[in-house]
Amino acid sequence: GSNKAIAPRLGYRNGPLQVVSPDGGSIITSQRSISGNSFFEVMGIPSNQITNDYWFSWYDDQLMRTWLVVSNTSATQTANVEVRIAGNVHSYQIPPSGRIGPRLGYRTGPMQVVSTNGIPILASQRTLYGTNDDLLEIYGIPSNQITNNYWYPWYDDQQMQTWLVVSNTSATQTANVEVRIAGNVHSYQISPGGRIGPRLGYRDGPMQVVATNGIPILTSQRILYGSSSDLF
């Protein structure tokens, strides 16, 4: 019936996972996970937003333990996947309905994950941090959703330690970036394929991050609080 919820535990350790309403009704789905002392929730990705090309602003498999999870949504075709990071390319063939979960050893960004033969894929990072094995998962940003202008409702680099990561997705052009917060403007030039990670010292909002010359960029906040880490 309408306005109802279910919350089963299924017992698998696998992927990809599809949740579909057989009668075509509208549904919302998420995963709620507990690991160590941490709790987090991720929403399901609508099928009409799945693509073959994703980006991450940052990847850290040095200070943290980070698995890159890439799943093939096709039940019949192999996905030829390239992971492009720090000038290197890692190539994989993912069988129908299969997945990979490598640790790549980098601490840099941006990172692109692309299915070069056009097969729709999913991409996320699963990160363990600290002695409590606090777990966090973030999804890649579909390339068709990347822009030059982002907003955050809040930024806290006083009660928490918060790095603002901004990455330039262009391989040929410098991004002229302004960070606008609390009536102040911080300006940066980010080289092709480069990134910045300043701490700004504010506890305020909203915050705007914009490439004033129109270059597509990625941005995220990386937060340390107590013994836990977060990204968004």
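Computed from a prediction, not measured in an experiment: that's the story for all the values here.

Enquirer: Quick one: what's the story with the nonpolar core, residue by residue and with numbers?
Expert: With 21 residues, the main nonpolar core has L164, V166, V177, M207, V209 and I217 as its most contacted residues. Listed by contribution, the elements that provide at least two residues to this core are β14 (149-152), β16 (161-168), β17 (175-181), β21 (207-211) and β22 (217-225). Of the residues forming this core, the biggest block, four residues, is contributed by β17. Setting aside residues up to four positions removed in sequence, V209 forms contacts with N148, N149, Y150, Y152, L164, V166, V177, E178, V179, I217 and T219. Residues Y54, I94, M111 and A123 belong to the second largest nonpolar core, which totals 19 residues.

Enquirer: Explain the sheet that holds strand β5 (residues 65-72) to me, and be specific about the residues and the numbers.
Expert: Picture the strands of a sheet paired through backbone hydrogen bonds; they go either parallel or antiparallel. One open sheet holds the four strands; their spatial order is β8-β5-β11-β12, and the pairing between them is antiparallel. Bordering the open sheet on either side are β8 (99-100) and β12 (134-139), each of which pairs with just one other strand.

Enquirer: Can you lay out the environment of S74 for me, pointing to particular residues and giving the numbers?
Expert: Within the secondary structure layout, S74 lies in the loop between β5 and β6 (79-85). By relative accessible area, which is 11% here, S74 ends up buried. With 24 residues separating them in the primary sequence, S74 and G98 have C-alpha atoms 8.7 Å apart. S74 has contacts with P96, S97, I119 and P120, leaving out every residue within four places of it along the chain. Within the local environment of S74, its side chain forms a polar contact with the backbone nitrogen of T76, the two atoms lying 3.2 Å apart.

Rules of the game
- Residues numbered from 1 in each chain as written.
- Predicted model: local features only at pLDDT ≥ 70, side-chain atom pairs only at ≥ 80, totals over all residues.
- Heavy atoms only, no water.
- Core = buried A, V, L, I, M, F, W, Y, C linked by side-chain atoms within 4.5 Å.
- Buried < 20%, exposed > 50% of the residue type's maximum accessible area, 1.4 Å probe, protein only.
- Helix = DSSP H or I, 4+ residues; strand = E, 2+ residues; numbered from the N terminus.
- Contact = heavy atoms within 4.5 Å.
- Pairing = 2+ DSSP bridges.
- Polar contact = N/O pair within 3.5 Å; in protein donor to acceptor, adjacent residues only side chain to side chain.

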